Amino acid sequence: MTTSTVETASPGPFTLIPGKTALIVIDMQRDFILPGGFGESLGNDVDMLLKVVPPLADLIAAARAAGMLVIHTREGHVPDLSDCPPAKLNRGAPSKRIGDPGRYGRILIRGEYGHDIIDELAPAAGEVVIDKPGKGAFYATELQQILTDAGITQLLVTGVTTEVCVHTTTREANDRGYECLVVSDCVGSYFPEFQRVGLEMICAQGGIFGWVADSAAVIPAIAALPVSSEPAPTAQR
Ligand code: C5J
C-alpha cells in the first residue's frame, strides 16, 4: 500500500492511509462566516473566519482530486426547535438567539439561507452533509455509521470554530478511535488567542487528542496518495 506522510505535523509525522482518510469540513455556514450574519451580530470579527476560506478551498480540491471522502457539517436545528435543549437555547444575547430572525433568516435553523454552507465551499454533488444539533459532529448524527461503512480510520479536520465545534468533534473522534489531523490554517476562531491555544492543546502531551499541520504540508501529502476509485457514500442533503 502506498502511504504518504505529513512529516512536519506536530507532535510528529502523520501517515495518510489511502482509502482510510476522510476530510471533514465543519460548519462553514453563512451564519458564522458572512459579514452581517449571526456571528458578526454577536460582536465577532468575521475576517478571522473568512481567511480560512482560500486554503480550505485548496485543501478540499486536493481531497476531491485524490478521490478522498469529503464530509461537510452544519450546526442547526429544526424549525420548531424541538432538537435544541433549553440549556443551549437560553444563551447569548436575548434578541439574537437560535431561531430568532437574523440578516440571513432565522438563526441556525435548517432550511434558512444563513444555515447553509458558503458558496465558495459548497458541497459537490454526492458529498455527505451532516446536519448536527450539537457542537460535536458525532452527537445525534449518522457520522459514525458513514465512517464505519466507508472504512475510514483517519480524519483531516477543518472548519469553524477551532475551540468549539472543531475541538468537540476532534475529541469525539479521538475517543472513538479515529486518528485526527487538524489542519491549522483551515480552522478558524473569532479569537486569536483561542486559535493559538486551541491548536496547541490538540497536539500537546505527545498528541493528547490529535496532530496539527498546515495545508502547505497536507496538500502535497494528499497529492502523493494513489487516487481512490471507491464510490462516495450517498449525500445526506
Ligand atoms: C459555535 C461552531 N461556535 N461551529 N459553533 O457555536 O463552532
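Preceding block: the structure.
Source: prediction; values computed, not measured.

Novice: What am I meant to see in the packing of aromatic side chains here?
Specialist: Each pair of aromatic rings is reported with the distance of its centres and the angle of its planes. Summed over the entire model, instances satisfying the criterion amount to five aromatic pairs. With centroids separated by 4.9 Å and ring planes inclined at 55 degrees, the aromatic side chains of phenylalanine 191 and phenylalanine 194 adopt a geometry described as tilted. On the basis of relative accessibility, which here comes to 42%, the residue phenylalanine 194 falls in the partly exposed class. An aromatic cluster is built from Tyr190, Phe191 and Phe194, whose rings are joined through pairwise contacts.

Novice: In this structure, what is going on with the nonpolar core? I would like to understand it.
Specialist: Nonpolar side chains in soluble globular proteins generally cluster together in the buried interior. Val6, Leu23, Met28, Leu56, Val218 and Ile222 are the most contacted members of the largest nonpolar core, which has 45 residues in total. Contributing elements (two or more residues each) for this core: strand S2 (14-16), strand S3 (21-26), helix H1 (30-33), helix H4 (53-65), strand S8 (154-160), strand S9 (179-188) and helix H9 (215-223). Top contributing element to this core by residue count: H4, with six residues. Setting aside its immediate chain neighbours within four residues, isoleucine 222 contacts Leu16, Leu59, Ala62, Ala63, Ala66, Met68 and Leu156.

Novice: Please clarify how the sheet that holds S8 should be interpreted in this entry.
Specialist: Sheet strands pair by backbone hydrogen bonding; their relative direction is either parallel or antiparallel. On the basis of which strands lie adjacent, the open sheet formed by six strands has the order S7-S4-S3-S8-S9-S10 and parallel pairing. Of all strands in the sheet, those bounded by a partner on one side alone are strand S7 (128-132) and strand S10 (211-213). In this sheet, neighbouring strand axes are inclined to one another by 25 degrees on average, regardless of whether the strands run parallel or antiparallel. Bridge count for S9 against S10 is three bridges, and the pairing is parallel. Paired with valine 183 across the strands is alanine 213, a residue of S10.

Novice: Whenever I open this one, the environment of leucine 225 confuses me. Can you help?
Specialist: On the secondary structure map, leucine 225 appears in the segment after H9. Sequence separation between leucine 225 and threonine 5 is 220 residues; the distance between their C-alpha atoms is 9.5 Å. Aside from chain neighbours lying at most four places away, what touches leucine 225 is Thr2, Thr3, Ser4, Leu16, Pro18 and Met68.

Novice: Is there a simple way to explain the pattern of salt bridges in this structure?
Specialist: When the charged atoms of two side chains with opposite charge come close together, those side chains can pair. For the structure shown, the criterion picks out 10 salt bridges. Put simply, glutamate 127 and arginine 64 hold a salt bridge, and the shortest N to O gap is 2.7 Å. Placement of the pair is glutamate 127 in the loop between strand S6 (105-106) and S7 and arginine 64 in helix H4, with a sequence separation of 63 residues. With a closest N to O distance of 3.8 Å, arginine 110 and aspartate 83 form a salt bridge. Of the two residues, arginine 110 is situated in the loop between S6 and S7 and aspartate 83 in the loop between strand S4 (69-75) and helix H5 (86-89); the sequence distance between them amounts to 27 residues.

Novice: What is the right way to read the site of the ligand from this model?
Specialist: Taken together, Asp27, Phe32, Glu75, Lys135, Val160, Thr161, Val164 and Cys165 make up the full set of residues near the ligand. Lysine 135 is positioned such that a nitrogen or oxygen atom in its side chain is 2.9 Å from an oxygen atom of the ligand. Threonine 161 places a main-chain nitrogen or oxygen 2.9 Å from an oxygen atom of the ligand. When atom positions are compared with the pocket grids, the ligand is found to occupy the largest pocket.

Rules and cut-offs
- Numbers given for residues are sequential positions, taken from 1 along each chain in its written order.
- Owing to the predicted nature of the model, reporting of local features is limited to residues with pLDDT of at least 70; listing and counting of side-chain atom pairs is limited to 80 or more, with chain, interface and lining totals taken over all residues.
- As a rule here, side-chain values cover all heavy atoms of the structure and leave hydrogens and water aside.
- Only the six-membered ring of Trp is used, alongside the rings of Phe and Tyr, when aromatic pairs are assigned; centres must lie within 6.5 Å, and planes under 30 degrees apart are stacked while those over 60 apart are edge-to-face, with the rest tilted.
- Each residue's exposure class comes from its accessible area (1.4 Å probe, protein chains only) as a fraction of the maximum for that residue type: buried when under 20%, exposed when over 50%, partly exposed otherwise.
- For the purposes of this section, nonpolar cores are sets of buried Ala, Val, Leu, Ile, Met, Phe, Trp, Tyr and Cys residues that join through side-chain atoms within 4.5 Å.
- Counting from the N terminus, the helices are the DSSP runs of H or I reaching at least four residues and the strands are the DSSP runs of E reaching at least two.
- Residue contacts are defined here by distance: any two heavy atoms, one from each residue, within 4.5 Å place the two residues in contact.
- Whether two strands pair depends on DSSP finding at least two bridges between them.
- Interaxial angles span 0 to 180 degrees and are taken between N-to-C directions of axes, which are lines fitted to C-alpha atoms, for helices over the stretch in contact.
- Between Lys or Arg on one side and Asp or Glu on the other, a salt bridge is scored when a side-chain nitrogen of the former is within 4 Å of a carboxyl oxygen of the latter.
- A cutoff of 4 Å decides nearness: a residue is near a molecule or strand if any of its heavy atoms lies inside that distance of it.
- Any N or O atom pair separated by 3.5 Å or less is treated as a polar contact, with the protein-specific requirement of one donor-capable and one acceptor-capable atom, and with residues adjacent in sequence counted only for side-chain atom pairs.
- Whether a set of points on the 1 Å grid over the protein atoms alone is a cavity depends on a 1.4 Å probe fitting there but being unable to get out, while an open set qualifies as a pocket with protein on both sides within 12 Å along at least five of seven lines; lining residues are those with an atom within 4 Å of a point.
- A cavity or pocket is said to hold a molecule if more than half of that molecule's atoms lie within 2 Å of its grid points.

Interpretation note: all reported values are geometric properties and have no functional meaning in isolation.
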